[in-house]
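Below are the chains, spelled out letter by letter.
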Amino acid sequence: MRWFRLFPTIFTAKNRSKLSISEESNLTFRVWPTDIDVSIMNHAAMMTVMEMGRIDYMVRTGFFKLARKMKWYFPIRGISAQFIRPLKLFQKANLITRVFHIDESWFYIEQKIYRKGKIIAICIVKATVKKGRIPVSTNEILKELNIDELPIEGKNIIDSYEKENDLVYKRLRGF
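Residues numbered from 1 in each chain as written. Predicted model: local features only at pLDDT ≥ 70, side-chain atom pairs only at ≥ 80, totals over all residues. Heavy atoms only, no water.

A. Focus on the overall build of the chain. A tally of helices and strands in the chain yields five helices and nine strands. Across the chain, helices and strands are ordered from the amino to the carboxyl terminus as α-β-β-β-α-α-β-β-β-β-β-β-α-α. Taking the principal axes of its C-alpha atoms as reference, the chain extends roughly 45 × 45 × 30 Å. Scored against the burial criterion, the 175 residues of the chain give a buried share of 41%. Long-range pairs, those at least 24 residues apart, make up 75% of the contacts in the chain with a sequence separation of at least 6. Entry remark: accessible area of the chain is about 10,600 Å², with carbon and sulfur atoms responsible for 55%. (Helix = DSSP H or I, 4+ residues; strand = E, 2+ residues; numbered from the N terminus. Buried < 20%, exposed > 50% of the residue type's maximum accessible area, 1.4 Å probe, protein only. Contact = heavy atoms within 4.5 Å. Areas by Shrake-Rupley, 256 points an atom, 1.4 Å probe, with all protein chains shown as cover.)

Below you can see the structure in the form of structure tokens.
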């Protein structure tokens, strides 16, 4: 069912205004019957909506076209999500997506779902770019996109995120 959201997102993003790397993507969506468990939108459907936001952002910043040309792909290393309030059948909500931090290897993406000014869910995504098994440096990507400015806000959030993820990773791997 996720393809019912993702394919239209790719096609409509091409017709929306272009974004710079420092701008936000803002998408409005509605909760459909295929998104709910009993009476509320399930978390998997919310994650699909967030994926839709990342795709919209990549298409509108020009990264998607460049990645296809260069045969790059965009694996996600980790996602930290908080689901705060439920969304009910047929409710409308907004998804904000933005890159808020880039270092030598990683892109950190912030995503927030709002409804009537209240936060429904928040998410930080840590992702990289690869060609085959080889990581592509963020400097190369930014150079190809003709981007000089680097979003580097939230270093304290990134440090906390990395520390927490490292602890969880070690615990789950049995270290």
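B. How the structure looks around unusual backbone geometry. In this model, Phe90 sits at a positive phi of 70°, which is unusual for a non-glycine residue. Note that Phe90 resides in the loop between β4 (76–83) and β5 (92–102). Phi is positive for Lys116, which is not a glycine, with a value near 50°. With respect to the helices, strands and loops of the structure, Lys116 is situated in the loop between β6 (107–115) and β7 (118–127). Given the relative accessible area of 74%, Lys116 is considered exposed.

C. Quick look at the pattern of salt bridges. Tallying each qualifying case throughout the model produces seven salt bridges. The shortest N-O distance in the salt bridge between Asp56 and Arg60 comes to 3.1 Å. Of this pair, Asp56 and Arg60 are both found in helix α2 (residues 43–61), four residues apart, which corresponds to roughly one turn of the helix. Under the relative-accessibility criterion, Asp56 is labelled buried at 0%. Of the charged contacts, one joins Glu162 and Lys126 as a salt bridge, the two residues approaching to 2.9 Å between their closest N and O atoms. Note that Glu162 is positioned in helix α5 (residues 155–173) and Lys126 in strand β7, a separation of 36 residues in sequence. Glu162 sits in the partly exposed class, given a relative accessible area of 24%. One salt-bridge network, held together by shared partners, links Arg16, Asp56 and Arg60. (Salt bridge = Lys/Arg side-chain N within 4 Å of Asp/Glu carboxyl O.)

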